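# Architecture at a glance
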Amino acid sequence: MLVTVAQAVVNGLLIGGIYALVSIGVTLIFGVVKIVNFAQGEFVMIGMYISFFLATGLGIDPLLSLVVSMPALFFLGVLLQHFLIRRVLALGDMPQIFLTFALSLLLMNATLLLFTANYRTVQTPYTEAALHLGALYLGVAKLIAFAVAMALSGVLWVFLHATDLGKAMRAAAQDRDVAMLMGVNPDRVFAVAVGVALALAGAAGSLLMPFYPAYPLVGQVFVLMAFVAVVLGTLGNVTGALIASLMMGVAESLGIQFVGADSGLIVVFLMLLLTLAFRPSGLFGGWTR
Amino acid sequence: MDPVTRRRSGRGGLWLALLAAAALALPLVVSNRFAIDVFIRVLLFAFIGVAWNLMGGYAKQLSLGHAAYFGLGAYTSTILLIRFGVSPWIGIVAGGVVAMAASLPIGALCFRLRGPYFAIATIATAQVLMLVFLKLRDLAWGAEGTTLPNLGNAPLMMQFDGKAPYYYIALALLAIGLAVTYGIERSWMGYYLIAVGEDEDAAEAIGVNALRVKRQIYLISAFLTALAGTFYVQYIYFIDPNTAFSFNVSVEAALVSIVGGIGTLWGPVVGTVLLEASSALLQSWLGGGHGGVQLTVYSLILIAVILWRPTGLIGVLASAYARVVPAGRAQAGEAPRDG
Amino acid sequence: MRALSLPAERKPAKRPAMAEALVVRNLSKRFGGLRAVRDLSFSVDEGETVALIGPNGAGKTTSFNLITGYHRCDAGSVVAFGRELVGLRPYDICAHGLARTFQVARPFGKMTVLANVMTGALLRDKTLALAREKAREAISFVGLSAREHVPARDLTTIDQRRLEMARALATAPRLLLLDEVMAGLNPAEIDQAVALVGRLSERGLTIVIVEHVMRAIMAVARRLVVLDHGQKIAEGSPAEIVANEEVIRAYLGTGYAPAASPGGARC
């Protein structure tokens, strides 16, 4: 019994790492640019397809393709910020929500058109491999994904706290006007924020490929998790998003183990609703009315 | 928005009468079944858009989960019909009531959030309902859904041979929706709605109970949306959770208003005509079997509108009209409405 | 029957002259580690005009926000016209007779001037025709009649401030809280605004005004309450306050305390 629970917790943590990459991206964009990126899941999807085509076309292992997917998505993020997001920043909630939402629809459906709804998978030497830790079974692919996810999160943390650009981003997140007065160029900071967030999403995609299928709608599952984690971890709080993502991974896993195979989503929604009902500002929320 | 200067000029009333006459006469003139089907879809989705617009356009509560009420309406009337033999004419109202009841706890939860997080919460509630109905095997046929028993031509049970009756019902629904919107726009509720939509805090400072306003408009919006759900099931003789609580319904409800003109009376109608027309054209041009074309086009249109004309295309139409037809009266007071 | 949005002339004999319109007691609020308002107490008599002054960050706007229900206070009480306001929502407080303007005007941009003010007037009576009349009165009082049908977002900043005041007045308040309405006005405009406030006061309205423009304060306020770092440091007539050492220190720093302390300026 204990082993079952432990196994579920471990599984949950491992997938939680992926959720973390996605949710950190969402919370980063929200914190710095102050808009919600409804399309974040679709960038995970794009990362997956990039890795898929590199794997099937050029035989490159998905993990190695990180080197391609991350920069590619960073660049895409900069473009996104420059051509689309920048135009709606002054317009208010509604256009901002619907812009990223429309983008999400567009990416999903364009992918559907171009690549059909077929599931795409990649087999690697370690797809089926597992480590045995006592009675626990740790999928190697998932373990690597978790490790890389944590590493990337760590790098991001260092970037935000130790580099000038990172500090500028945090400053802009706290108070854009004052940051501007201090010489921070908002366009540049926003572009980097969006670029980094999308790069993380792309990384998540590449890391997922060894053990998860790619298909046009795959982003939807992850973005939902991400949003709940962002709310739970308090909007704009990167560490909060990380912790909340791990929590959600575990909760989902326990739900699947003890309630039923499709109860994962219900668990997620319950967590969202509970958070909204009792602690709308999230676990780490400070500001009250 | 100020009704004093917005007295309908004689010209406006004439256009409306012409439009109504054309709409009423249409089934008599058009016999192509595919065409009538398109028109029915246009009327239905315009109606859903109008219902959404009350909440999302005027009060700026951007719900992306209106499918919840669509589905509740559809399931209520269907359950009443199949399990209890109740006529859908009663069922449609019952569905509306159920939706209203549901909007209260959903609103209580979701209104704690603003902006995008409200939207996410509404998406979640529609999804939850879908999941719930996927499980409800005994009461509601679970994942497979059910077809409606074909009673032939049974007007009392909302079933008809031929498409014309369905067309008229859809037209009536749209007319109801527009009438409700028009009435609210011109009442004190209209002012309060827009105030809440523009600046909730400032509205509260002048005595507007924002939460109560949102709750009230949500009730109305949910009720109307549920009516559409019942109609749809009666029209296609089929229901299942994926159709009833379809995210596409939620999206289109919002989409047509945004593209057409958020917070305006005719905006959703304009938006629906544009989107459904382009969709129908695409379908006849490309044939079937191209999943994703419709939404790809919709999303491109949406992005274009947001970047170029965020208040919707109705403003473009209005100024085009004004340029072509020199207006008799200066309509200064109308400006705010059309953005 | 005359439908007035502004309070009618008060007949002095009807009310005891020293009735208190607003009593603030031990009001406190902290935001995280910052104590924005500390143990603030002051009162305002009916018909008085009191000015709340102090250097930037002293907690003046926060006090307004606490009084009108925008923030929940950590401690203290606010009693207005005999009723405890702490815990009430802003709209209930408005219904009870307190109206406020915001430092940065917040008009309903989509609506015309008339529609904006009507929304305020609708608080007391949901009849549109009546609300329109009351709104028009308030609009003419602030001098915006010529721009009745202009969408609020197309107004100049100053006109938006006028609109803000008209909208607040349309709710038929007994106490008006004005947050820096004179900021950025040129001397002629200040005089106009001062005259407006004067007329409101003549009609019996109780007014609490947050202001930096000394000239305006001297002209309208009978009493000043001075805040610094969230606390009240002085209270009194304009003449008394201007000579008050602590006040001078708060605004200008210790180097400027008159006579007694010959130390150098701090920085």
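Look above for the structure.
Overview of the structure. (Residues numbered from 1 in each chain as written. Chains lettered and ligands numbered in written order. Predicted model: local features only at pLDDT ≥ 70, side-chain atom pairs only at ≥ 80, totals over all residues.)

### Observations regarding the overall build of chain C
- A tally of helices and strands in chain C yields nine helices and ten strands.
- Taking all 267 residues of chain C together, the buried fraction comes to 45%.
- Across chain C, every contact between residues at least 6 apart in sequence was considered, and the portion connecting residues at least 24 apart equals 64%. (Helix = DSSP H or I, 4+ residues; strand = E, 2+ residues; numbered from the N terminus. Buried ≥ 20, exposed ≤ 12 C-beta atoms within 10 Å, placed from the backbone. Contact = placed C-beta atoms within 7 Å.)

### Describing the overall build of chain B
- Looking only at helices and strands, one finds 16 helices and two strands in chain B.
- Whereas a compact globule of 339 residues would reach a radius of gyration of roughly 20 Å, chain B reaches 20 Å, a difference of no more than 12%.
- Each principal axis of the C-alpha atoms in chain B carries an extent, and together these give about 60 × 50 × 40 Å.
- Per-residue burial for chain B yields a buried fraction of 51% across its 339 residues.
- In chain B, the share of contacts with a sequence separation of at least 24, taken over all contacts with a separation of at least 6, comes to 76%. (Rg over C-alpha atoms; globule rule 2.2 N^0.38 Å.)

### As for helix H12 (residues 247-260) of chain B
All names here are of chain B.
- Compared with an ideal rise of 1.5 Å per residue, which puts 14 residues at 20 Å, H12 spans 20 Å between its outermost C-alpha atoms and is within 8% of the ideal.
- Burial analysis of H12 places twelve of its 14 residues in the buried class, which makes it a mostly covered element.
- Taken as a whole, H12 has its buried residues at Val249, Ser250, Val251, Glu252, Ala253, Ala254, Leu255, Val256, Ser257, Ile258, Val259 and Gly260.
- At the C-terminal side of H12, Gly261 shows a positive phi close to 155°. (Expected span 1.5 Å × (residues − 1).)

### A word on the environment of C:Ile190
Residue and element names in this part refer to chain C.
- Of note, Ile190 is situated in helix H6 (residues 187-202).
- Residue Ile190 is classed as partly exposed on the basis of its 17 C-beta neighbours within 10 Å.
- Along the primary structure Ile190 and Ala75 are separated by 115 residues, whereas in three dimensions their C-alpha atoms are 36 Å apart.
- The residues contacting Ile190, other than those within four sequence positions of it, are Met182, Leu185, Val213, Arg215 and Ala216.

### A closer look at the sheet that holds strand E8 (residues 206-210) of chain C
All names here are of chain C.
- One open sheet accounts for six strands, arranged E6-E7-E8-E3-E9-E10; its pairing is mixed. If you trace the sheet from one side to the other, it starts and ends with strand E6 (98-100) and strand E10 (231-236), each paired once. Strand-to-strand twist across the sheet, computed as the mean angle between neighbouring axes with direction ignored, equals 20°.
- Where strand E3 (residues 49-53) lies against E8, four bridges are found, and the strand directions are parallel. (Pairing = 2+ DSSP bridges. Axes fitted to C-alpha atoms, helices over the stretch in contact; angles between N-to-C directions.)

### Topic: the environment of A:Leu64
All names here are of chain A.
- Here Leu64 is to be found in the loop between helix H2 (40-58) and helix H3 (66-88).
- Residue Leu64 is classed as partly exposed on the basis of its C-beta count, with 13 C-beta atoms lying within 10 Å.
- Along the chain, Leu64 and Arg188 lie 124 residues apart, while their C-alpha atoms are 29 Å from each other.

### Some remarks on unusual backbone geometry
- Although it is not a glycine, A:Lys34 sits at a positive phi angle of roughly 65°.
- Relative to the helices and strands, A:Lys34 is located in the loop between helix H1 (2-33) and H2.

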